[in-house]
Every structure is written in C-alpha cells, then in structure tokens.
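Tertiary structure, described
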Amino acid sequence: GDSVTQTEGLVTLTEGLPVMLNCTYQTIYSNPFLFWYVQHLNESPRLLLKSFTDNKRTEHQGFHATLHKSSSSFHLQKSSAQLSDSALYYCAYMGYKLTFGTGTSLLVDP
Amino acid sequence: ETAVFQTPNYHVTQVGNEVSFNCKQTLGHDTMYWYKQDSKKLLKIMFSYNNKQLIVNETVPRRFSPQSSDKAHLNLRIKSVEPEDSAVYLCASSSSGGAHEQYFGPGTRLTVL
C-alpha cells in the first residue's frame, strides 16, 4: 500500500543554519500529490506546501520543496532556520486518502 | 468566522463509558474527516465523509461510529471507550475532487482512566 517515510524523531538546529527534512514515498499511482503540514505547539496541523508537478519547486513562507518522481522524494528545505520554525512537520501523500508520515520535530536553538 | 469548530476541548472519562464529539465547519466544504493523533503524535485517518458517502478505515474498531446530519457537521461517537482511545481527535474538512488542502479543527483531547 501507500506509505510515507520521513526523517525520524527530533532534528535540532542552530538559528540561521539551513533546514532539510527528508520525505520519500511509495505508491502505485503515477500522479501523486505530496504535502507538507506543520503543527506548532498546542495548535492543529496546517498546510505548508503541496505539489503534484514533477521537478517543479514550490515555495511558501521561506520553505520550499520539489517533487521528484524519479526518486519518490519531496524533501522540505529552508535556507536559514528561525526560532519560530520550531514545530512538528508532517509529510503527507494523497492517494485515495491522505496518508501522513510519522512526523519530524524541528527544534531551532538560538 | 469561517473555520472548523470542535467541542468539547477536553474530555475525561472512565473505561466503558460512551462519549460523543462534535465537529462543525463553516468553510462550505463538502468533505469532512476524523483523525486520531496519539501520544507519539502519529496522525491516522479514521473516517472521511463526502456528502452522503462514508469511507471507513477498516483498522478502526467498531466501537467508533461517525454521524453526519449534513455536509457541515460530522460527529464521532465512541460506544465503550478503552484506555488506548486516549488521544487527540482532530476533525478536518476540505473541498472534494483533487488534492485540496485540509483544514483542521483545534481537536478534542480524550483521556480514558
């Protein structure tokens, strides 16, 4: 079945350093839809990015990701981490339902 | 205000009791969902409801049942709660057709003693 694999557990960064959270997926569908959702402490998940176009970079709020069907990847990146980026990040795949990865906690230290 | 609303915010109960959670969206969406977020923050879909069609996740125990009066409301009933039902239950909604953004409510935190 469909599955999503993310960088596991906690990623700790110093403010100003680049962010990269990995996401790969497995599916039988040839046209996948991939998403990144972010959940800050005591809040609900909200959409950060989405894409269904191969090799096209999508950007929002300083974050960007590119869907690469050849490698089944949709990694989340940001050039310079901010304290406010500390949150839980979910990669998700849309087949017949939205399947979330296990989530990656990002902690940005001053 | 257009959003997804959930009640109650918290609920504490004992094993074997019945509980009900309410969800309402004012976004004009036609698809609604229930998710369970456990203590490890794993987010799993339980049900999705598009107009009158209910899509059930077969891994959900039968004591869970969704109830919908119209496309703006989707409630969740748990007949006889178990300790492993302790979690945050998140309601979400979206437009149908294609990969549309899902909007989440604030969640209901259930604690089963």
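Computed from a prediction, not measured in an experiment: that's the story for all the values here.

**Re the confidence of the model for chain A**
- Considering every residue of chain A, the mean pLDDT works out to 93; 100% of them sit at 70 or more.
- Within chain A, no element has a lower average pLDDT than strand S11 (residues 98-100) of chain A, which sits at 88, and none a higher one than strand S9 (residues 76-78) of chain A, at 98.

**A few points about the interface of chain A and chain B**
- Of the residues lining the interface, 15 residues belong to chain A; the matching set on chain B comes to 16 residues.
- Contact with chain B buries area across many residues of chain A, yet Ser44, Pro45 and Phe100 of chain A alone supply 28% of it, more than any other trio.
- Counting across the chain A and chain B interface gives zero salt bridges.
- Applying the counting criterion to the chain A and chain B interface returns five residue pairs in polar contact (both at pLDDT 80 or more).
- Looking at the side of chain A that touches chain B, the elements with two or more residues in it are strand S5 (33-39), strand S6 (46-51), strand S10 (87-94) and S11 of chain A.
- The element best represented in the side of chain A that touches chain B is S5 of chain A, accounting for four residues.
- For the side of chain A that touches chain B, a count of residues per class yields 10 nonpolar, three polar and two charged.

**A look at the pattern of salt bridges**
- One pass over the full model with this rule turns up five salt bridges over all chains.
- Glu59 of chain A is paired through a salt bridge with Arg57 of chain A; the nearest N and O atoms lie 2.9 Å apart.
- The exposure class assigned to Arg57 of chain A is partly exposed, which follows from its relative accessible area of 46%.
- Arg63 of chain B is the salt-bridge partner of Asp85 of chain B, the closest N and O atoms lying 2.8 Å from each other. On the criterion of sequence distance, the pair formed by Asp85 of chain B in the loop between strand S8 (73-78) and strand S9 (87-94) and Arg63 of chain B in the loop between strand S6 (53-56) and strand S7 (64-70) is long-range, its members being 22 residues apart. By the burial criterion, Asp85 of chain B is buried, and Arg63 of chain B matches it.
- In this structure, a network of salt bridges that share partners links the residues Arg63, Glu84 and Asp85 of chain B.

Calculation criteria
- The numbering scheme is per chain: residues are counted from 1 as the chain's sequence reads.
- Here every chain gets a letter starting at A, and every ligand a number starting at 1, in the order they are written.
- A pLDDT threshold of at least 70 governs which residues receive local features in this predicted model, and a stricter bar of 80 or more applies before side-chain atom pairs are shown or counted, although totals over entire chains, interfaces and linings include all residues.
- In computing side-chain properties, one takes all heavy atoms of the structure into account and sets aside hydrogens as well as water.
- Confidence scores per residue from the predictor, reported as pLDDT, run from 0 to 100.
- Where helices and strands are cited, they refer to DSSP runs of H or I of at least four residues and of E of at least two residues respectively, numbered from the N terminus.
- A contact between two residues is defined here by any heavy atoms of the two lying within 4.5 Å.
- Put simply, buried area is the surface a 1.4 Å probe can reach on two separate parts but cannot reach once they are joined, added for both.
- When a carboxyl oxygen of Asp or Glu lies within 4 Å of a side-chain nitrogen of Lys or Arg, that pair is called a salt bridge.
- Whenever a nitrogen or oxygen atom comes within 3.5 Å of another N or O atom, the pair is scored as a polar contact, on the condition that within protein one atom can donate a hydrogen and the other can accept it, and that pairs from neighbouring residues in sequence are kept only if both atoms are in side chains.
- In this classification, Asp, Glu, Lys and Arg are treated as charged, Ala, Val, Leu, Ile, Met, Phe, Trp, Tyr, Cys and Pro as nonpolar, and every other residue, Gly included, as polar.
- Residue exposure (1.4 Å probe, protein chains only): buried if accessible area is under 20% of the type maximum, exposed if over 50%, otherwise partly exposed.

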